[in-house]
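Per-entry structural report
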Amino acid sequence: EGGAIHCSEFSTGSLPDCTKLSSNVLDVDDGDYLVSAVVGPQDILFASSLNTSTGTGSLYMIDPDTYEPYYYAPCMVGSSSIFYSDLAYMENMFGLANGMLLASYGPYLIIVNPANGSALGIINEFENDIVGIATGDAYPLGSGLYANEVFVIENNGTVTYDIYISNAQFQYSTYSQM
């Protein structure tokens, strides 16, 4: 607040009980790690993995009762196996983007259908690797157009926001950079 610095304390002697995500489908000894997660449609937790040996990954759904990840789909664009370094859920968006997952891989944004894990479209507009993505709401631009509030952080510190994804197809344009 007002540029003030705020600090907090916590006691390691009274930490809350947490349930560790674990699974027989991930083999840490073979280089499998969960790297990102997002709460998607119908409050389903999705997570993506990275196999550090192969550079590929998978999309998982997490059982809300046991916290066990279950294999859902490979992370693919076309016939290329990739991994998703970050995930976001596009809730309250305009057009075809509404209800979809948004994933990042290198300098690409990938629109993922949560119903089956398939890649529906790719946005290739960024010069640097994407290190973070987040979504907000859609808002009108006028003339029947809407902007979907999407924030993309690149590894050079560039933040791009307000990505428009049209109703008829996955076309996009970015409106602002910070």
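In this report, the structure presented in the accompanying data block is examined.

Rules and cut-offs
- Residues numbered from 1 in each chain as written.
- Predicted model: local features only at pLDDT ≥ 70, side-chain atom pairs only at ≥ 80, totals over all residues.
- Heavy atoms only, no water.
- Pairing = 2+ DSSP bridges.
- Helix = DSSP H or I, 4+ residues; strand = E, 2+ residues; numbered from the N terminus.
- Axes fitted to C-alpha atoms, helices over the stretch in contact; angles between N-to-C directions.
- Phe/Tyr/Trp six-rings, centres within 6.5 Å; stacked < 30°, edge-to-face > 60°.
- Buried < 20%, exposed > 50% of the residue type's maximum accessible area, 1.4 Å probe, protein only.

By definition, the strands of a sheet pair up through backbone hydrogen bonds, in either a parallel or an antiparallel sense. What the four strands build is an open sheet, ordered β7-β8-β9-β10; its pairing is antiparallel. The two strands at the open ends of the sheet, each matched to only one other strand, are β7 (86-90) and β10 (119-123). Across the sheet, the mean angle separating the axes of adjacent strands is 25° when strand polarity is ignored. Relative to strand β9 (residues 108-112), strand β8 (residues 100-105) runs antiparallel, the two sharing five bridges. Considered in β9, the bridge of L101 is made with V112.

Here we take up the sheet that holds strand β2 (residues 45-51). Taken together, four strands build an open sheet; the order of strands is β1-β2-β3-β4 and the sheet is antiparallel. Every other strand in the sheet has two partners, leaving β1 (32-39) and β4 (69-74) as the edge strands with one partner each. On average, adjacent strands in this sheet sit at an angle of 30° to one another, irrespective of strand direction. Pairing of β2 with strand β3 (residues 58-62), which is carried by four bridges, proceeds in the antiparallel orientation. Counted as the bridge partner of S48 is L59 from β3.

Attention now goes to the packing of aromatic side chains. We describe a pair of aromatic rings using the distance from one ring centre to the other and the angle between the two ring planes. Evaluation of the coordinates by the stated rule reveals two aromatic pairs. Centre to centre, the rings of F46 and Y72 are 5.9 Å apart; their planes meet at 65°, and the pair counts as edge-to-face. Highlighted residues: F46 in strand β2 and Y72 in strand β4, separated in sequence by 26 residues. The class for F46 is buried, based on a relative accessible area of 1%.

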